[in-house]
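Each chain is listed here by its residues.
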Amino acid sequence: MDALKLKIAAAAEALTYVRDGMRLGIGSGSTAEEFVRLLADKVANGLNIIGVATSERTARLCRELGVPLTTLDEVPELDLAIDGTDEVDGALSLIKGGGGALLREKIVAAAAEKMIVIADATKVVETLGQFALPIEVNPFGLGATKVAIARAAADLGLAGPVALRLKEDGKPFITDGGHYILDASFGRIPDTRALSNALHAIPGVVEHGLFLGLASAAIIAGAGGIRTMTNPETTE
Ligand SMILES: O=C(CO)[C@H](O)[C@H](O)COP(=O)(O)O
């Protein structure tokens, strides 16, 4: 099966968890966008949901396709968030932010009772870190923040390039929140919680792409079909 079909298959399975009346967090990225397309069909056929989009791009797509949106100010608690991922491990820890939407994605996931991740099988890893870890930072003090990140990583035995994400025109990529992204290529991250805590202690770091203890399930589409990974600690 090609990559698009796998994304659609995972998104279609996630749709079976959506119930009438739900308040939904709606993720970002190409897999989440397939979910939006399928969700829009259901809405056109009478499904009553209200969504909070995790990026301006997803919000635009929702508006184009008629998926009703609200904000976390109006609806601060959500029933379910559905989002893609860049990596997922067996404990359902994630690296997210390849599309640069990690801050809103994490705020939305934390506001949701459950988060379901949708992905193709290439995203499943034993240990997180092959995918460079996106770290959202305030543009002020960028150089100092980079040094602090490298030092915090070194204390945990991690090292590797920490690169400012650039757009095709060579200018810095700016997130929906007006921040920069640093992509940290540390390789395998054995102690994700320690790195998460160390990054949160750096003032210039706004948020990072390690999603720990947030996902309740991951719907994984592979050549052999769909499998759903669950986490007993985040599943009722
Ligand atoms: O975290 C994300 C955006 O910030 C995406 O969910 C992640 O990058 C996966 O995207 P895709 O489904 O296109 O592979």
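Residues numbered from 1 in each chain as written. Predicted model: local features only at pLDDT ≥ 70, side-chain atom pairs only at ≥ 80, totals over all residues. Heavy atoms only, no water.

What follows concerns the site of the ligand. Surveying the vicinity of the ligand reveals 17 residues, the closest of which are Ser30, Thr31, Asp86, Gly97 and Lys123. Between an oxygen atom of the ligand and a side-chain N or O atom of threonine 31, the distance comes to 2.6 Å. Here the ligand has 380 Å² of accessible area as a free molecule, and 90% of this is covered by the chains. Looking at the shell around the ligand, the elements with two or more residues in it are helix 2 (30-44) and helix 4 (102-111). (Near = heavy atom within 4 Å. Polar contact = N/O pair within 3.5 Å; in protein donor to acceptor, adjacent residues only side chain to side chain. Areas by Shrake-Rupley, 256 points an atom, 1.4 Å probe, with all protein chains shown as cover. Helix = DSSP H or I, 4+ residues; strand = E, 2+ residues; numbered from the N terminus.)

What follows deals with the packing of aromatic side chains. For any pair of aromatic rings, geometry is given as the distance between the ring centres together with the angle between the planes. Taken as a whole and assessed by the stated rule, the structure comprises zero aromatic pairs. One residue, lysine 96, lies across the ring of phenylalanine 211, its end atom 5.7 Å from the ring centre. The ring of phenylalanine 173 has arginine 165 sitting right over it, with the charged end atom 5.5 Å from the ring centre. (Phe/Tyr/Trp six-rings, centres within 6.5 Å; stacked < 30°, edge-to-face > 60°. Lys NZ or Arg CZ within 6 Å of the ring centre and 35° of its normal.)

So, on to the side chain of histidine 208. For histidine 208, the position within the fold is in strand 10 (residues 205-208). Looking at histidine 208, its side chain comes within polar contact range of the side chain of serine 196, at 3.0 Å. Reaching out from histidine 208, the side chain makes a polar contact with the backbone nitrogen of leucine 210 at a distance of 3.1 Å. If near-sequence neighbours (up to four positions away) are discounted, histidine 208 is found in contact with Leu102, Lys106, Pro134, Ile135, Ser196, Leu199 and His200. (Contact = heavy atoms within 4.5 Å.)

What follows is about the domain arrangement of the protein. Parsing the protein into structural domains produces domain 1 (3-122 + 212-223) and domain 2 (133-204). Relative to domain 2, the C-alpha centre of domain 1 lies at a distance of 25 Å. With 12 residues of domain 1 at the interface, the matching set in domain 2 holds 14 residues. Viewed at the interface, domain 2 and domain 1 are joined by one salt bridge. Here aspartate 176 makes a salt bridge to arginine 104, at a shortest N to O gap of 4.0 Å. Counting across the domain 1 and domain 2 interface gives four residue pairs in polar contact (both at pLDDT 80 or more). With three residues, the single largest contributor to the side of domain 1 that touches domain 2 is helix 4. Here the side of domain 1 that touches domain 2 is composed, by residue class, of four nonpolar, five polar and three charged. (Domains from an automatic or database assignment. Salt bridge = Lys/Arg side-chain N within 4 Å of Asp/Glu carboxyl O. Nonpolar A, V, L, I, M, F, W, Y, C, P; charged D, E, K, R; others polar.)

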